[in-house]
Amino acid sequence: ALITHAAPGIQVGRLGNDEFGVLVPGQHAPLECSRIAWQLQDALNAPMEVAGRSLQPGFSIGIVASVAHYDEPADALRDASIALNAASRAGRNL
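The notes below deal with the structure included here. Predicted, not measured: the structure shown is a model, and the values here were computed from it.

1. Regarding the overall build of the chain
Helix and strand counts for the chain stand at three helices and four strands. Ordering the α and β elements of the chain from the N terminus gives α-β-β-α-β-β-α. Oriented by its inertia axes, the alpha-carbon framework of the chain measures out at about 50 × 30 × 25 Å. Taking all 94 residues of the chain together, the buried fraction comes to 18%.

Dropping the structure here:
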């Protein structure tokens, strides 16, 4: 579902059990990255029916607005993970 709702050119990959990375090509201001994240959240936040029951998904999004200042991709992933953990602790949001 995440891939379906990503804009053209955006790459989505699974990082772990329930963690996914979203790469947005080009240079974007932090507010633009937040806008993209909110669009994904709105698209994925709709209730879904599973085995006759309505379920409301919950998820968190961590954002690294620019990777230009990183020497290693792992450093950007580390900071995105830190942002994700902070969002999760704050109540499943951005």
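2. Notes on unusual backbone geometry
Residue A51 is not a glycine yet carries a positive backbone phi of 50 degrees. For A51, the location among the structural elements is in the loop between β3 (48-50) and β4 (53-55). Looking at A51, the relative accessible area reads 79%, which means it is exposed.

3. Description of a nonpolar patch on the surface
On the surface, a cluster of nonpolar side chains totalling about 240 Å² of accessible area is made up of M48, V50 and L55. Within the secondary structure, L55 is located in strand β4.

4. Remarks on the pattern of salt bridges
Applying the stated rule across the entire model yields two salt bridges. If you follow the salt bridges from partner to partner, you end up with D75, R78 and D79 in one network.

5. Details of the pairing of strand β2 (residues 20-23)
Where strand β1 (residues 11-14) meets β2, four bridges bridge the pair, whose relative direction is antiparallel. Residue R14 lies in a different strand from β2, and its bridge partner there is F20. Where β1 folds back onto β2 in an antiparallel hairpin, the turn is made up of five residues.

6. With respect to helix α2 (residues 30-44)
An α-helix turns once every 3.6 residues. As a result, residues three or four positions apart point the same way. Taking 1.5 Å per residue, 15 residues should reach 21 Å; α2 reaches 21 Å between its end C-alpha atoms and fits that length. Among the residues of α2, those classed as buried are C33, I36, A37, L40, Q41 and L44. Mapping the buried residues of α2 onto a view down its axis gives an arc of 140 degrees, with all of them on the same face. Of the residues in α2, the exposed ones pointing more than 90 degrees away from the buried face are L31 and D42.

7. Here's the deal with helix α3 (residues 73-91)
The end-to-end C-alpha distance of α3 is 27 Å, a good match for the 27 Å that 19 residues give at a rise of 1.5 Å each. Here α3 has its buried residues at A76, L84 and A87. Viewed along the axis of α3, the buried residues span an arc of 75 degrees, placing them on a single side of the element. Turned more than 90 degrees off the buried face of α3, the exposed positions are A74, I82 and R89.

Definitions and cut-offs
Residues numbered from 1 in each chain as written. Predicted model: local features only at pLDDT ≥ 70, side-chain atom pairs only at ≥ 80, totals over all residues. Heavy atoms only, no water. Helix = DSSP H or I, 4+ residues; strand = E, 2+ residues; numbered from the N terminus. Buried < 20%, exposed > 50% of the residue type's maximum accessible area, 1.4 Å probe, protein only. Patch = residues over 30% accessible without salt bridge, like charges linked within 9 Å, V, L, I, M, F, W, Y side chains within 5 Å. Areas by Shrake-Rupley, 256 points an atom, 1.4 Å probe, with all protein chains shown as cover. Salt bridge = Lys/Arg side-chain N within 4 Å of Asp/Glu carboxyl O. Pairing = 2+ DSSP bridges. Expected span 1.5 Å × (residues − 1). Arc of directions from axis to C-beta.

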